[in-house]
Amino acid sequence: MLRISDILDKAQAYLLPDDLEMIEKAYIYSATVHQGQVRLSGEPYLTHPMEVAGILTDMKMDAATIISGLLHDTIEDTLTTAEQLEREFGKDVAFLVSGLTKLSRISFGSQEERQSENFRKMILAMSADIRILLVRLADRIHNMRTLQYHPKDKRTYIARETMDIYAPLANRLGINSMRMELEDLSFQYIAPDAYDELTAKIAKSKEARAKYTEEVKSIIARELEKNSIKGKVEGRAKHLYSIYKKMHEQHINFDEVYDLIAFRVILDSDLEKTCYEVLSLVHALWKPVPGRFKDYIAMPKANNYQSLHTTVIGPYGERVEIQIRTRNMHEWAEKGIAAHWRYKEGRAYKDSEDNQIKKLREVLEMQQDIKNPKEFMSDLKLALFPEEVYVFTPHGDVKSFPKGATPIDFAYSIHTDVGNQCIGAKVNRSIVPLRYKLQNGDRVEIITQAGHHPSKDWLKNVVTTRAISKIRNWINLDEKRNSMALGKELLEKEFKRNHLKFSNCLKSDEMSKAINGCSLNQLDDLISQVGLGRISPKRIVHYFLTGQEEELKEPVKEKIKTKKTASPSMGVSLLGIDDPDDIMVNFAKCCNPIPGDDIAGYISRGRGVIIHTGNCPYIKRMDKERIVNVQWNTREDHTYPVNIKVICDDIKGILTEVSSIISSFDVNISYAQVETENLIATCTFVIDISNLPQLHQVIAAIRQLKFVKSVEWLHHF
């Protein structure tokens, strides 16, 4: 078990005596509040915060960060409060520990939702102080080192989360040593058989590799000395997961992996030109492998990593990878942002590191508006995608993008308006499709057109979180604009049909009741929901007719007085009625009869005669003495509600496009709704039809739309 004296011995090399005193105080406090708690391994719980603090001390973090490592679980797992920590250790520590505390006391609907909210909180806290993320990474390192004590299912889940989120986070911060350890520890539990097999194969060739490593190191060292260049040469086997990843991606066996050892030349000089001098010496010693040279000094990685990488045909014809860097570059490559921490100087970062943290924050904070947990986690993983391509702007500036990026990603990286108005792109002076995947060294120009807008299909061809976010924002705004326009039109028609003026009702008490009754906050939301087909206009109008919402089994239509002669109600002649004056006629919603159907009338209590089709199952069960003979009077112009269901592909503006086809036949739409699932949209309409031929014409026209799969007349429902 790590002792507090071990931590203090390491910390005294760079911290002040007062800092050491506070670290010791935090140790005593943590030991007190965690007393009696044990880990799954059976060890005292204190071993965990001690190990976390030890990792942070090895990273040479400031006193507040080490103290937070000792106390990071106190708020979550003990009765300690943030206020108590502030009194004992100051605001800085209290803030860091609060930012590290998970949302364990809140109830969530699923593990996925809990995970996404924990990461959301961590990202928000990290925006104010990056040290929160550094402590969280140290915490995850120790948890992964002791993962064997968890049940198998949980081990796999935690390992996958570590591989997908924490290792890429360490990579984005430039902490290479953490990334490699997290990847190898995760690999051990995600693919245990492959891990064991690879470990055995590497161990088998360990002695031969060690001998070869020393030989190559001595050759390079002699060449440096001969040319009066000071530095050291390191050689070590690549970490297991990088070897496994290479085998998997290139579909090769272990015996075909030639560059198992990575050599590093770390120069004392801080001059970049010295790195290039050494590169020329290495290429003079051994023949370089074409296409295997990467200049990360001229074009640093997104995490600020700088180095020259080259692969050569070394002694005995074996491929050898050699990395060349200055000492400062090496320090950043191994420890990242932690290597340059200078909090005690009153400033956390130099300008270059400050820009790196700013970029990471922008990438992660872009996720905060995403509400769906699955979508949030998916986009967060995408934001941390480690592989990059480097392209040039027309002015020669270098921009880096995740692998798979397209000109659309490039356009949005310049400006939102450039992305929105993008209609094409030139790569290396040749026009390419917008789905073209950018390659290293491409020179990219964007062609724009004022008034042009993004397409929903663009989401299939972008990988940067900025582009995804901006396209989604525009689509959401556009859909809201369209749904507002359609919703207003549907409401105005329905209000007019009931002898009401929609504009006069907007600020009425009834409208407020309708908004509250639909569990919405404002009128615009209500209109939008109607336009999206999620709320029926009839439901809103009914608040103005009755003062409250009701679900009617039979729709209230027009009230028309009938006459004995040929001026029947609703286009229906009543037979066998002695005095049909002032009789109200309605059509049954269960079967929606229209001219051409056999019909029968049912005398209801208080609602006049309800017209059903002759074969309607409901009228067959009704009191036969109250059934009257009726017939169509086609000399009168009337319309009749008909239900149709349209099944089609889920594309943007589907409701509007089908509605316009229906309206082109001068047919009124009294109700419209769209439901989508698995990229299929189901549109339900209630339309006012004069006769069967007109209905058949409308259905035939809808079937002509290329995205429509089927149209069905719901004669009974």
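Undergrad: Describe the overall build of the protein chain, with residues and values.
TA: For the protein chain, the helix and strand inventory stands at 27 helices and 21 strands. Burial statistics for the protein chain: of 717 residues in total, 49% are counted as buried. Pairs at least 24 residues apart make up 64% of the contacts formed inside the protein chain by residues separated by at least 6 positions. When the accessible surface of the protein chain is totalled, it reaches about 36,300 Å², and 49% of it is carbon and sulfur.

Undergrad: Could you give me a rundown of the sheet that holds strand E19 (residues 668-677), with the residues and numbers involved?
TA: Strand order in the open sheet formed by four strands is E19-E20-E18-E21, with antiparallel pairing between adjacent strands. What marks the edges here is a single partner per strand, and that holds for E19 and strand E21 (708-713). Strand-to-strand, the axes of this sheet are offset by a mean angle of 15 degrees, without reference to chain direction. The pairing of E19 with strand E20 (residues 680-689) spans nine bridges and is antiparallel.

Undergrad: Which residues make up the pattern of salt bridges, and what are the values?
TA: Using the criterion set out here, one finds 24 salt bridges in the structure. Of the charged contacts, one joins Asp92 and Arg131 as a salt bridge, the two residues approaching to 2.9 Å between their closest N and O atoms. One end of the pair, Asp92, is in helix H7 (residues 91-100); the other, Arg131, is in helix H9 (residues 131-145), and 39 residues separate them in sequence. Given a relative accessible area of 0%, Arg131 falls into the buried group. Across the pair Arg209 and Glu318 runs a salt bridge whose closest N-O atoms are separated by 3.2 Å. With Arg209 in helix H13 (residues 206-226) and Glu318 in the loop between strand E5 (308-313) and strand E6 (319-326), the pair connects residues that are 109 residues apart, well separated along the chain. Here the salt bridges do not stand alone but share partners, grouping Asp62, Asp92 and Arg131 into one network.

Undergrad: Tell me about the packing of aromatic side chains, and please be specific about residues and values.
TA: This model, assessed by the stated rule, comprises ten aromatic pairs. Taken together, a centroid distance of 5.6 Å and an interplanar angle of 90 degrees make the contact between Tyr29 and Phe89 edge-to-face. Separated by 60 residues along the polypeptide, Tyr29 in helix H2 (residues 17-33) and Phe89 in helix H6 (residues 82-89) bring together distant segments of the chain. Ring centres of Phe401 and Phe410 lie 5.9 Å apart, and the angle between their planes is 40 degrees; this geometry places the pair in the tilted category. Taken together, the aromatic side chains of Phe187, Tyr195, Tyr241 and Tyr244 make up a single cluster linked through ring pairs. In this structure, Lys25 packs its charged tip against the face of Phe89, placed 5.3 Å from the ring centre. The ring of Trp474 carries the charged tip of Arg481 above its face, separated from the ring centre by 5.6 Å.

Undergrad: Please give an account of helix H26 (residues 654-663) that cites residues and values.
TA: Among all positions of H26, only Ile654, Leu655, Val658, Ser659 and Ile662 are buried. One side of H26 carries all its buried residues, which in axial view fall inside an arc of 120 degrees. Against helix H21 (465-497), helix H23 (523-531), strand E18 (640-649), E19, E20 and helix H27 (692-703) lie the buried residues of H26.

Undergrad: Let's hear about the environment of Ile627: which residues, and what values?
TA: By the element assignment, Ile627 lies in strand E16 (residues 627-628). C-alpha of Ile627 to C-alpha of Ile611: the two residues are 16 residues apart in sequence and 9.7 Å apart in space. In contact with Ile627, not counting residues within four places along its chain, are Ala600, Gly601, Tyr602, Ile619 and Met622.

Undergrad: Quick rundown of H21? Include the residues and the values.
TA: Across its 33 residues, H21 extends 47 Å between first and last C-alpha, which sits within 8% of the 48 Å expected from 1.5 Å per residue. Following H21 by one or two positions, His499 has its phi on the positive side, about 60 degrees.

Undergrad: Report on the packing of H21 against H23, specifying residues and quantitative values.
TA: For any two helices packed against each other, the geometry is given by the interaxial angle and the distance between the axes. In contact at an axis separation of 6 Å, H21 and H23 are set at 85 degrees when each is read in the N-to-C sense. Considering their axes alone, H21 and H23 lie roughly perpendicular with respect to each other. Residue-level inspection shows Lys480, Ser483, Met484, Leu486, Gly487, Lys488, Leu490 and Leu491 of H21 in contact with H23, the latter providing Asp524, Asp525, Ile527, Ser528, Val530 and Gly531. Taken together, the residues of the contact of H21 with H23 sort by class into six nonpolar, four polar and four charged.

Undergrad: Please set out unusual backbone geometry residue by residue, giving values where relevant.
TA: Trans peptide bonds make up the majority, and among non-glycine residues the majority have a negative phi. Non-glycine residue Lys60 carries a positive phi angle of around 60 degrees. Structurally, Lys60 is set in the loop between helix H3 (47-58) and helix H4 (63-71). Residue Lys60 is classed as partly exposed on the basis of its relative accessible area, which comes to 47%.

Calculation criteria
Residues numbered from 1 in each chain as written. Predicted model: local features only at pLDDT ≥ 70, side-chain atom pairs only at ≥ 80, totals over all residues. Heavy atoms only, no water. Helix = DSSP H or I, 4+ residues; strand = E, 2+ residues; numbered from the N terminus. Buried < 20%, exposed > 50% of the residue type's maximum accessible area, 1.4 Å probe, protein only. Contact = heavy atoms within 4.5 Å. Areas by Shrake-Rupley, 256 points an atom, 1.4 Å probe, with all protein chains shown as cover. Pairing = 2+ DSSP bridges. Axes fitted to C-alpha atoms, helices over the stretch in contact; angles between N-to-C directions. Salt bridge = Lys/Arg side-chain N within 4 Å of Asp/Glu carboxyl O. Phe/Tyr/Trp six-rings, centres within 6.5 Å; stacked < 30°, edge-to-face > 60°. Lys NZ or Arg CZ within 6 Å of the ring centre and 35° of its normal. Arc of directions from axis to C-beta. Expected span 1.5 Å × (residues − 1). Parallel < 35°, antiparallel > 145°, perpendicular 65-115°, else oblique. Nonpolar A, V, L, I, M, F, W, Y, C, P; charged D, E, K, R; others polar.

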